[in-house]
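# Examining the three-dimensional arrangement
As a plain string of letters, each chain reads:
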Amino acid sequence: MPEPIVDPLAVTETAGPTTEEPRRDDDLAPPDELPATASEAAREESSVGFTALVIAGLVFIVAGWLLPWFVEQTSNGIGFSAQDAVSSPPTGIGTFVVYLIGVAMVGLVAFALYDLLNSITHRGRPLRWWRRRTALAILGAVGTLVVWLLIGVLREEPLFGNISSFAATDNAVWMTLTGFVVLALTYGLRPWVVTHGEVAFGGVVFMIGALMPFIFNQSTSFIEWGASAAAIYTLLALGLNIVVGFAGLLDLGYAAFFAIGAYTCGSLASPVHGLHFPFWIVIFIGLAVAALFGAVLGAPTLRLRGDYLAIVTLGFGEIIPDAANNNLFNATGGPEGITGIDHPSIFGFNFGIDAKFYFWSLLIIIAIVLVLLRNIQRSRLGRAWAAIREDEVAAAATGVNPVTTKLLAFSIGASISGLAGAFFGAELGSITPDSFQFAVSVTVLSTVVLGGLGNNTGVAAGGILVSFIIFWMLDHLQEWMGTFGLKFGLPALGTIDYSRWVYIVYGAILVGIMLLRPAGLLPSRARKSELQAGGQSEALAVVQGVV
Amino acid sequence: MTVTAPVSPAEPLEAAPPPILQLDRVSKRFGGLLAVNAVSFTVATGEIVSMIGPNGAGKTTAFNMVTGLYPATAGRILFNGQSVVGMPPHRIAKLGITRTFQNIRLFSFVTAVDNVMVGEHCKMHENIFQSMFKTPHARREERDVELRALASLREFGLERYADSYARNLPYGLQRRLEIARALASGPTLLLLDEPAAGLNSQEKVELMQIISDLRAKGLTIFLIEHDMRVVMEISDRIVVLDHGELIAQGLPVEVRNNPRVIEAYLGSGAAAQSERGPQTTA
């Protein structure tokens, strides 16, 4: 054991491959020497560290922007992956720069592998930051490797849509650079990343996210997927996570609020009622109306718990799309829904149908929502939610008002869903009741559970993964299998009609993920240790012959 | 360690300092079962009062009525002269009555320090927008509450466990954490439901020390306890319930030798024997 870590700053300075783990990352073992205020100190530090990462990220992004342009001028339009640079003779200053990057990448990958090896040989004391750092290293390394390998494939096979061979290398450079930046940042800021893994992870993800439209600039359908499926579902999942994950209230009718947001905003900015309010005002109205409905629909459920609550929310989830379908108050346009919804514009620039502007707007909104939720989670209200989730009676006896606490959970969850609805309508230009059926509620709920109940990072990851599976992978299954079959001399693979299989595949993937990661992709600390505790007490029960 | 507090005689209740808690013919009926039947007693400010009685006597039901978890079927419950019947639990907590539970009810998968911070929930002013945007006011309040919670953990010898989940604390420390949580809102009346249950004798001694320390700080303590050694040692007065009825109240010595109490605990034969003065034990 090393000397006790007393100064929280010392953690930052001394953390390295051989440093011991700060104890707050350890879940079940009794805590040891770190003073209790360290967590507070760490929280204070994180804002400074985050700024540093943002600046570093910006520098890298600018460099990433300049480099392809720079290289293109100097390398005769040849592909310029690091591999190419290594295998072809240097012909210009740009190629030389790429060559340097290539060497750096090789070095980083080697470093990552060495770290991995180290962690395997020093096993026996599983340390969490170790794993997180290793995970990031693997991410960067695998990303880089995949880029190298894909470049060849991308030129021939349209994995992400129609890509010309020149553009393929262009895209590949973006991907390569992104991977390089991720790895370089992760290692460059290692001590900091160790103490603030979550924030660093978020920063890296958002950086990659912001670059996506460039990386896939030749495949608009992929960005359309990102804007209309991945971002919307992530937002919905984040909202539902408040209700289900934080406050522990099972909500099966969440699509209702999605519909309310979409219809409110659709009505206020379309020819239906002749209203054309600016989008950026309308989203706030949609948010407020959804929040109001969240409280209104939440009120009757206050006395209910668990399964009973779920059934009542299920009822609401059925009422709202049905009301819209029946053209209630002549406001919803019946089964045809609302069409001709205005596309948003900013400073006179109309977003039109270009998905990347929606994608970027949603990315910014998701980032804001994540930060605000993180603040709430660590505040008076966040603790009250946790208290209600864990034990409502004890929470009430301790002074937490269950009524306002639950209603706020419903309300805030609904408001985020309303926001998602506003974007959904504005992007598609039309909404119909079909888009808000029970299946949406279930998909969002499974996203939350699969991502990691109660952990925003995990839920966001789940949102991206589930929407990728449903709206991209299953759509392209036929094409992929065809290409795959040709490649490996099994053309029969391409002749199967996969449209009959998609939901079987989807279900199998969900089952597989939940079996492999029962607490979700990135479980919250509470959920993980709850599962462990459950396992322990079950084991104990077996030993004692109770079961 | 024996507390030898001067005890006022039981009769002149009107003359004594005003009771912090007064139950006046309080009843609770669950369907056909009369769990508490017209029970009346008072707890004076600064007292340590124990409520004893066999299992099913209605002790916890009485606690639940005082803290608002059940509404009383009949009767009045006055806290500092104010009726708390029909008041929701969180308002009663804010008024100044907090409690612990017989089967520890901590927020299991919430850290110890957050458990205590939840205790201060009803005294905090930060609203949702302030917490969302981390305004200076919210930051300051959060920091103050966290520091107070940590100080409280230190006082109870729990600072090592500040960032552990409540569930992962050893049993005896969970009992302490529950007391720390109940104290966080700064109550004037603390209700402890079997605080010594499951503790070893060393922990019981520490518990008694904690209770008498709290009383020394001016807190009034009303507890349910089965461990007669603890009850006899720390209580100023004892209230005895049996089958939902108040069968005796008074000084520990009086209650110990009360034939009805002995009968409730040990049956009528034992009551007859006790005329010759054997000890009552739990």
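Residues numbered from 1 in each chain as written. Chains lettered and ligands numbered in written order. Predicted model: local features only at pLDDT ≥ 70, side-chain atom pairs only at ≥ 80, totals over all residues.

The interface is formed by 42 residues belonging to chain B together with 32 residues belonging to chain A. Contributions of two or more residues to the side of chain B that touches chain A are made by helix H2 (89–95), strand E6 (97–99), helix H3 (112–119), helix H4 (128–133) and helix H5 (136–155) of chain B. With five residues, the single largest contributor to the side of chain B that touches chain A is H3(B). Split by residue class, the side of chain B that touches chain A holds 19 nonpolar, 10 polar and 13 charged. (Contact = placed C-beta atoms within 7 Å. Helix = DSSP H or I, 4+ residues; strand = E, 2+ residues; numbered from the N terminus. Nonpolar A, V, L, I, M, F, W, Y, C, P; charged D, E, K, R; others polar.)

In an α-helix, one turn spans 3.6 residues; hence positions three or four apart end up facing the same way. All names here are of chain A. Between its first and last C-alpha atoms helix H18 (residues 456–473) spans 24 Å; for 18 residues at 1.5 Å apiece the expected length is 26 Å, and the two agree. Along H18, the largest kink reaches about 25° and is centred on Ser467. Residues of H18 that are buried include every one of Asn456, Thr457, Gly458, Val459, Ala460, Ala461, Gly462, Gly463, Ile464, Leu465, Val466 and Ser467, and no others. (Expected span 1.5 Å × (residues − 1). Bend = angle between axes of the 7 residues up to and from the residue. Buried ≥ 20, exposed ≤ 12 C-beta atoms within 10 Å, placed from the backbone.)

All names here are of chain A. Relative orientation of the contacting elements helix H9 (residues 220–246) and H18 amounts to 140°, with a least axis distance of 8 Å. Taken together, the axis directions place H9 and H18 in an arrangement best described as oblique. Handedness of the H9/H18 crossing: right-handed. Where H9 approaches H18, its residues Trp225, Ala229, Ala230, Tyr233, Thr234, Ala237, Leu238, Asn241 and Gly245 are matched on the opposing element by Asn456, Val459, Ala460, Gly462, Gly463, Ile464, Val466, Ser467, Phe468, Phe471 and Trp472. (Axes fitted to C-alpha atoms, helices over the stretch in contact; angles between N-to-C directions. Parallel < 35°, antiparallel > 145°, perpendicular 65-115°, else oblique. Left-handed = near helix turned anticlockwise from the far one by under 90°.)

All names here are of chain B. Within strand E7 (residues 189–193), five of the five residues are buried, leaving the element largely enclosed by the surrounding structure. Residue alternation in E7 divides its side chains into two sets, Leu189, Leu191 and Asp193 and Leu190 and Leu192, and both sets are buried. With three bridges joining them, E6 and E7 adopt parallel strand pairing. Looking at the pairing, Thr98 lines up with Leu190 of E7. Two elements, E7 and strand E8 (residues 220–224), share five bridges in a ladder whose sense is parallel. The residue of E8 that forms the bridge with Leu192 is Leu223. Between the parallel elements E7 and E8, the chain passes through helix H7 (residues 201–216) in a crossover that is right-handed. (Pairing = 2+ DSSP bridges. Right-handed = clockwise from strand over helix to strand, strands pointing away.)

The next point concerns the sheet that holds strand E9 (residues 237–242) of chain B. All names here are of chain B. Reading across the sheet, the six strands line up as E6-E7-E8-E3-E9-E10 and stay open at both edges, with mixed pairing between neighbours. Looking at the sheet topology across the chains shown, the edges are occupied by E6 and strand E10 (245–250). Between one strand axis and the next, the sheet turns by 20° as a mean value, whatever way the strands run. Those strands touched by helix H1 (residues 59–66) are strand E3 (48–52), E6, E7, E8 and E9, and its axis lies near 150° from that of E7. Where helix H10 (residues 259–266) meets the sheet, it contacts E9 and E10, and its direction lies at approximately 130° from that of E10.

All names here are of chain B. The four strands lie next to each other as E2-E1-E4-E5, forming an open sheet whose pairing is antiparallel. What marks the edges here is a single partner per strand, and that holds for strand E2 (33–44) and strand E5 (82–83). Pairing between strand E4 (residues 74–79) and E5: two bridges, direction antiparallel. The partner of Phe79 across the bridge, within E5, is Gln82.

Bringing the nonpolar core into the picture now. The nonpolar side chains of a soluble globular protein tend to be buried with one another. Core analysis: the biggest nonpolar cluster contains 185 residues, and A:Leu235, A:Phe258, A:Ala259, A:Ala409, B:Ala112 and B:Leu153 have the highest contact counts within it. Counting residues per element, this core draws most heavily on H9(A), at 18 residues. Among residues more than four places away in sequence, those in contact with B:Leu153 are B:Ala112, B:Val113, B:Val116, B:Leu158, B:Glu159, B:Ala162 and B:Ala180. (Core = buried A, V, L, I, M, F, W, Y, C linked by C-beta atoms within 7 Å.)

Another point: the domain arrangement of chain A. Residues and elements named next belong to chain A. Looking at chain A, the domain boundaries give domain 1 (42–218) and domain 2 (222–439). Counting residues at the interface gives nine residues for domain 1, matched by nine residues for domain 2. In the side of domain 1 that touches domain 2, the residues fall into six nonpolar, three polar and no charged. (Domains from an automatic or database assignment.)

Even without a glycine there, the phi angle at B:Ala38 is positive, about 45°. Within the secondary structure, B:Ala38 sits in strand E2.

Now for helix H16 (residues 402–428) of chain A. All names here are of chain A. Taking 1.5 Å per residue, 27 residues should reach 39 Å; H16 reaches 39 Å between its end C-alpha atoms and fits that length. Extensive coverage of H16 is indicated by the burial of 24 of its 27 residues. Looking one or two residues past H16, Gly429 carries a phi angle of roughly 85°, positive in sign.

To continue, consider the pairing of E2(B). Looking down a regular strand, the side chains alternate between one sheet face and the other. Residue and element names in this part refer to chain B. In this structure, strand E1 (residues 19–30) lies alongside E2, joined through eight bridges in antiparallel fashion. The residue bridging Leu23 from the neighbouring strand is Phe41, located in E2. The turn joining E1 and E2, which pair antiparallel and follow one another in sequence, is formed by two residues; a positive phi near 60° is taken by Gly31.

All names here are of chain B. Relative to the helices and strands, Thr61 is located in helix H1. Taking the C-alpha atoms as reference points, Thr61 and Val36, separated by 25 residues in sequence, lie 7.2 Å from one another. Not counting chain neighbours up to four residues away, the residues in contact with Thr61 comprise Lys28, Ala35, Val36 and Tyr70.

Moving on, we come to the domain arrangement of chain B. All names here are of chain B. What the domain assignment lists for chain B is domain 1 (1–96 + 187–282) and domain 2 (108–186). On the side of domain 2, nine residues touch domain 1, which itself brings 10 residues to the contact. When residues of the side of domain 1 that touches domain 2 are traced back to their parent elements, those giving at least two are H2 and H7. Residue contributions to the side of domain 1 that touches domain 2 peak at three residues, all from H2. For the side of domain 1 that touches domain 2, the per-class residue count stands at six nonpolar, two polar and two charged.

Now for the packing of helix H14 (residues 380–390) of chain A against H16(A). Residue and element names in this part refer to chain A. Where H14 meets H16, the axes come as close as 10 Å, and the angle between the chain directions of the two elements is 105°. Taken together, the axis directions place H14 and H16 in an arrangement best described as roughly perpendicular. For the pair H14 and H16, the contacting residues are Leu381, Ala384, Trp385 and Ile388 in the first and Pro402, Thr405, Lys406, Leu408 and Ala409 in the second. A breakdown of the residues in the contact of H14 with H16 according to their chemical character gives seven nonpolar, one polar and one charged.

Right, let's talk about the environment of A:Ala394 for a bit. Its place among the elements puts A:Ala394 in helix H15 (residues 392–398). Between the alpha carbons of A:Ala394 and A:His476 there is a distance of 51 Å; along the sequence they are 82 residues apart. If we skip the residues at most four places from it in the chain, A:Ala394 touches B:Phe101, B:Arg105 and B:Phe107.

Turning next to the confidence of the model for chain A. Close inspection of predicted coordinates is inappropriate in any region flagged by low pLDDT. Residues and elements named next belong to chain A. On average, residues of chain A score 70 in pLDDT, and 59% of them reach the 70 mark or higher. Long-range and interchain partners of residues 1–95, a stretch whose pLDDT sits below 50, account for 125 contacts in this model, where long-range means more than four residues apart. Every residue in residues 124–130 is under pLDDT 50, and counting partners more than four places away or in other chains gives seven contacts. (pLDDT = per-residue confidence, 0-100.)

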